[in-house]
Every structure is written in structure tokens, then in C-alpha cells.
Amino acid sequence: MTFKLHHVQYARSFRILWAIEEIGLQDRLGPLEVIEYQIGSPEMRESTLPQISPAVRIPALEIGDLKISESGAIMEYLLETYAPDLGRAPGHAERPAYLQWIHYAETMGSLIENLNLQMVFLRPPAKASPVVIKMTVARLRAALAGLEAGLRDEGYLLPGGFSGADMMLGFNLFAAPFYVDLAQFPKLSAYKARVERRAAFQRCVAREGEQRFYAQDFYPVPEA
Ligand SMILES: N[C@@H](CCC(=O)N[C@@H](CS)C(=O)NCC(=O)O)C(=O)O
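Residues numbered from 1 in each chain as written. Predicted model: local features only at pLDDT ≥ 70, side-chain atom pairs only at ≥ 80, totals over all residues. Heavy atoms only, no water.

Asks: Please give an account of helix H7 (residues 130-150) that cites residues and values.
Replies: With 21 residues, H7 extends 30 Å between its outermost C-alpha atoms, agreeing within 8% with the 30 Å of an ideal straight helix rising 1.5 Å per residue. Along its buried surface, H7 packs onto helix H6 (95-121), helix H8 (164-175) and helix H9 (186-196). (Helix = DSSP H or I, 4+ residues; strand = E, 2+ residues; numbered from the N terminus. Expected span 1.5 Å × (residues − 1). Contact = heavy atoms within 4.5 Å.)

This is the structure in C-alpha cells:
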């Protein structure tokens, strides 16, 4: 049976690699084929990806005849189908918070993406806008502060335990420190360390290897 993930190293498809590891889905569906792209490369448009992902974005997942994109949708689908304990079904007391954090992850993710475009992708003669970068970093800091306020001193986002919301948001904490110093968020920093200690996360990092996207450890806001 087809079981394929369209993937870019340490991009949003990492959330799905991680979910597949947490669920142990390869034990049930057979080996996962990972189709790997360079971000923004022509191969993304020239491959089968546009047939699965209308916006030609990763992640996109194929299981048999099923084709699905959008990391949040894939996360919810995989958990409700194969690992209900990692999701929160309709009617569950934690369902509203679960949905809120799953979608919050993309509020934060789109801010990080905007900063990636301005700080990493843009090449001369194009010029990044210090004003837009400053505003976007402030918005990212606010989104991180919102997460800090939602965390407890221990455990995961939801009192009932680790869930898809942690995989959606936990992935963001890989990229956020390139733009915002996380030391100002103690609960978030401890939470980041907690999710990163998970064996499934560690297996994904071992698969991905050293990140190749960011050329420096921190990108300060440029002078206007
Ligand atoms: N909301 C989508 C966003 C997907 C997305 O933008 N993915 C990025 C990588 S993290 C991408 O494919 N970018 C390709 C491009 O910008 O050309 C999701 O959560 O899956």
C-alpha cells in the first residue's frame, strides 16, 4: 500500500514524521516512503505534489488512495484514525483546548514563515523591511507569551497528557529561537526540553540530521 510523506527537512512536515513515530504507524502500514524536497525548489511544482496539496506546500500525505495536505488536518486525521488517545474526540472535555492549540500553532507558524522569507530567503537586490521584521518579531513574541501563559509547570499542553497539539506547537519551538530568545519564557523553555526528550521526537531528529536551513544561530532585527 502507498504510504508516502512529501517532506522538507525540519519544515512543517516534521510534525507528521513525529506523529507517525509516536503512533508507530509504520508497524501498521508498512515502511514510510519520504519524498524530500528543497524548500521553494522547482521540483515541488514539477512533482506529483500539486495533485495532493492545492497550494503546493508540504506536508502532503498519501495512504493508499487517500491524499491529504495541511499539517493540522493530517494530524487530526491520523490521530482520530490510528491513535485516539493522542487526539481529543468531539465531546471530550479537552476538545476545545485541543483544537485551539492545534490552530494556534499555525498562527505562530505563519509568523515564523514570514520571518524565514525576510531573513533567510530574500537575497540582494531584494531588501528585507526592518519595520515589517520588527513588527513580525513582536507578534511572534506575543504568540510565545500566549503559549507561556497557557502552560503549566509540568506535563504537556493539555492536563490529560501528550497530544497532537504538542506535536503541532512543539515543532514551532525548533524555529522560534532563531528569532526570539526563549530564555524570557521559563515554562515554555522547560516544556520545549520535555517534548524534545520524547523518544519519537529523538528518532525524527536522528533521521533529519543537522539542520541546513539557518546559517546563523540567531537573527536579530536589522537596523532601520
Ligand atoms: N498551513 C500549512 C502550511 C504549509 C506550508 O506553508 N509549508 C511550507 C514549508 S514549512 C511550504 O511548503 N513552503 C513551500 C513554499 O513556500 O514554496 C500547513 O500547516 O501544512
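Asks: Quick rundown of the environment of Gly 155? Include the residues and the values.
Replies: Inspection of the secondary structure puts Gly 155 in the loop between H7 and H8. Assessed through its relative accessible area of 27%, Gly 155 is described here as partly exposed. A sequence separation of 93 residues divides Gly 155 from Glu 62, and the C-alpha atoms of the two residues are 32 Å apart. Those residues in contact with Gly 155, other than ones at most four positions away along the chain, are Tyr 191 and Arg 194. (Buried < 20%, exposed > 50% of the residue type's maximum accessible area, 1.4 Å probe, protein only.)

Asks: Tell me what's going on with the side chain of Glu 148, and back it up with residues and numbers.
Replies: As for its placement among the helices and strands, Glu 148 is situated in helix H7. An unpaired buried charge is present at Glu 148: no salt bridge exists, and Lys 187, the closest side chain of opposite charge, is 5.4 Å distant. Residues in contact with Glu 148, not counting those within four places in the same chain, are Phe 185, Pro 186, Lys 187 and Leu 188. (Lys, Arg positive; Asp, Glu negative; His and termini not counted. Salt bridge = Lys/Arg side-chain N within 4 Å of Asp/Glu carboxyl O.)

Asks: Go over the sheet that holds strand S4 (residues 66-69), please, and point to the residues and values.
Replies: If you walk across this open sheet you meet the four strands as S2-S1-S3-S4, and the pairing is mixed. Looking at the sheet topology across the chains shown, the edges are occupied by strand S2 (33-37) and S4. Adjacent strand axes in the sheet meet at a mean angle of 15°, parallel and antiparallel pairs treated alike. When strand S3 (residues 60-63) meets S4, the two strands line up antiparallel, connected through four bridges. Considered in S4, the bridge of Ala 60 is made with Ser 69. Taken strand by strand, helix H1 (residues 13-23) contacts strand S1 (3-8), S2 and S3, and its axis lies near 140° from that of S1. (Pairing = 2+ DSSP bridges. Axes fitted to C-alpha atoms, helices over the stretch in contact; angles between N-to-C directions.)

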